Amino acid sequence: MLKTWLRNASLALVVFFSALPSVHAETIRLAVTDLVGLEELQREFGEFRSVLSEVTGFDVEFLPVTNRTAAVEALRFEKVDFVLTGPAEYVVMQKRANAKVVVGFSRPDYFAVIVAMADSPYRSVADLEGQKVAMGSVGSTSKHLGPIQALADAGVDPLEDMDVIHTKVPVMWESLKRGDVAAIGMNHLNFLTLRENEMRSGGMQPGAFRVIARGPDLPNDLLMAGQHVDQEAVERVRDAIVENSDALVGAILTGEDNRKYTGMRFIRSIQDSDYNYVRSMYATAGFPEYSDFIGD
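Given the structure is predicted, the values throughout are model-derived calculations rather than measurements. In this convention, every chain numbers its residues from 1, walking through the sequence in written order. Where totals are concerned, whole chains, interfaces and linings use all residues; where local detail is concerned, this predicted model gives features only for residues with pLDDT of at least 70, and gives and counts side-chain atom pairs only at 80 or more. The side-chain values count all of the structure's non-hydrogen atoms but skip hydrogen atoms and water molecules.

Draft legend 1. Looking closely at the overall build of the protein chain. Along the protein chain, the regular secondary structure elements total ten helices and eleven strands. What you see for the protein chain is a C-alpha radius of gyration of 20 Å, in line with the 19 Å of a compact globule of 296 residues. Each of the three principal axes of the protein chain carries a C-alpha extent, and together these read 60 × 40 × 35 Å. Whether a residue is buried, partly exposed or exposed follows from its accessible area with a 1.4 Å probe, protein chains only, as a fraction of its type maximum: under 20%, in between, or over 50%, in that order. Per-residue burial over the protein chain gives 51% buried out of 296 residues. Contacts are residue-level and defined by heavy atoms, with any inter-residue pair within 4.5 Å sufficient. Considering only intrachain contacts with a sequence separation of at least 6, the fraction spanning at least 24 residues in the protein chain is 77%. Areas reported as accessible are Shrake-Rupley estimates using a 1.4 Å probe. Residue values count occlusion only from the protein chains shown. Of the accessible surface of the protein chain, which amounts to about 13,000 Å², a share of 49% is contributed by carbon and sulfur atoms. A helix here means a DSSP run of H or I that spans at least four residues, while a strand means a run of E at least two residues long, and both kinds are numbered starting from the N terminus. What the globule rule says is 2.2 Å times the number of residues to the power 0.38, and the radius of gyration is computed from C-alpha atoms.

Take a look at the structure:
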């Protein structure tokens, strides 16, 4: 599914991005891979864009992208300069667009969990064999690839031993409570938020849920630059972000959905080998073309 999605989206986007205008010298275009539409970009990252423009001296413009593949193609066709993206997308960008790392966005408590109901018979990953397990969108680091690898690390083959279903997070949550699925795989912080909302709304208490597996902390989100971006511009943006860290973190946290970045810090030094675990995820999920270990 992911392979077909990547291939079809790439072909369609060649025509789209070829028709876009070029970027002016003192303007940089910024995309965010998990947000669709200019309105959503402005709501979540509008303040960040303003502060980034102020500290770098660049005029920062948003370029909305429809999905993760669109961001890769935008970099390849030099129609976006910088992309804020997750670990899974980083691996694809390195493979297909030879993008440059600007800075890492270190997120605390960023890992995948496998959750079952506490009163269910599913007390370990082995108990899930032959059962339905729901996960998030295909290609998501913490809602698909992370849970897939957490299952594999616990000794099962998620592609052969169970029926993996992809759906939206609110749908999988309700499916778990109804017993339509044996377990769900998701981001740890998503789980905590859903559990808290459940309690506040008069629903189930936190003790109604059981985490039966978790993955290791995931690598950093990243601000990437296209291969076409001058190295001096990359350094200018990197230095400005690191030197104005508090202001930029505060700007990011004005977005409601960006609470996942609470407690974050910018990381200047990123090693490609940190993402080899993500490459293992791709292999486990059945996409070996993104599993090559590049190293440092």
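Next comes the rest of the account.
Draft legend 2. Local environment of the sheet that holds strand β9 (residues 209-214). The mixed open sheet is built from five strands, whose spatial order is β7-β6-β8-β5-β9. Strand pairing shows two members of the sheet lacking a second neighbour, β7 (163-166) and β9, which therefore form its edges. Looking at each pair of strands side by side, their axes are set apart by 30° on average, direction ignored. Every axis corresponds to a line fitted to the C-alpha atoms, with the helix fit spanning only the stretch in contact, and the corresponding angles, defined between N-to-C directions, vary from 0 to 180 degrees. Together, β5 (112-117), β6 (132-135), β7, β8 (183-187) and β9 form the strand contacts of helix α5 (residues 141-153), whose direction differs from that of β8 by roughly 120°. By this definition, two strands are paired if DSSP reports at least two bridges between them.

Draft legend 3. Highlighting the pattern of salt bridges. Here, a salt bridge means any Lys or Arg side-chain nitrogen found within 4 Å of an Asp or Glu carboxyl oxygen. Applying the stated criterion across every chain yields a total of 16 salt bridges. The salt bridge involving lysine 260 is made with aspartate 34; its shortest N-O contact spans 3.0 Å. With lysine 260 in the loop between α9 (245-252) and β11 (265-267) and aspartate 34 in the loop between β1 (27-32) and α2 (38-56), the pair connects residues that are 226 residues apart, well separated along the chain. Owing to a relative accessible area of 21%, lysine 260 belongs among the partly exposed residues under this scheme. With a relative accessible area of 45%, aspartate 34 lands in the partly exposed category.

Draft legend 4. Spatial organisation of the nonpolar core. One finds Met93, Ile114, Leu128, Leu151 and Tyr282 to be the most contacted residues of the largest nonpolar core, which totals 47 residues. Looking at this core, the elements that each hand over two or more residues are α3 (68-76), α4 (87-96), β5, β6, α5, β9, β10 (221-225) and α10 (276-284). Buried Ala, Val, Leu, Ile, Met, Phe, Trp, Tyr and Cys residues that are joined via side-chain atoms within 4.5 Å together make up what is termed a nonpolar core. Judged by nonpolar contacts, the second largest core, of 32 residues, contains Phe45, Leu223, Ala233 and Met264.

Draft legend 5. Expanded view of α9. Restricting attention to buried positions, one finds in α9 the residues Leu248, Val249, Ala251 and Ile252. Seen end-on, α9 carries its buried residues on one side only, within an arc spanning 160°. In the core, the buried residues of α9 are packed alongside α2, β4 (100-106), α8 (231-243) and β11. As used here, the arc belongs to the directions running from the helix axis to the C-beta atoms.

Draft legend 6. Examining the sheet that holds strand β2 (residues 59-62) more closely. Judged by pairing direction, the sheet is mixed, and its six strands sit side by side in the order β2-β1-β3-β10-β4-β11 without closing on themselves. Since the sheet does not close on itself, it has two edges, and those belong to β2 and β11, each with one partner. Looking at each pair of strands side by side, their axes are set apart by 25° on average, direction ignored. Both β1 and strand β3 (residues 82-85) contribute to a ladder of three bridges, which runs parallel. Among the inter-strand pairings, alanine 31 is bridged to a residue of β3, identified as valine 83. Strands in contact with α2 are β1, β2, β3 and β4; relative to β2, the strand with the most contacts, it is inclined by about 170°.

Draft legend 7. Focus on the confidence of the model for the protein chain. How sure the predictor is of each residue is captured by pLDDT, a score from 0 to 100. Scored by pLDDT, the protein chain has a mean of 89; 90% of the residues are at 70 or more. Long-range and interchain partners of residues 9-25, a stretch whose pLDDT sits below 50, account for 25 contacts in this model, where long-range means more than four residues apart.

Draft legend 8. How the structure looks around the environment of aspartate 239. Considering the arrangement of structural elements, one finds aspartate 239 in helix α8. Given the relative accessible area of 27%, aspartate 239 is considered partly exposed. Along the chain, aspartate 239 and asparagine 67 lie 172 residues apart, while their C-alpha atoms are 29 Å from each other.

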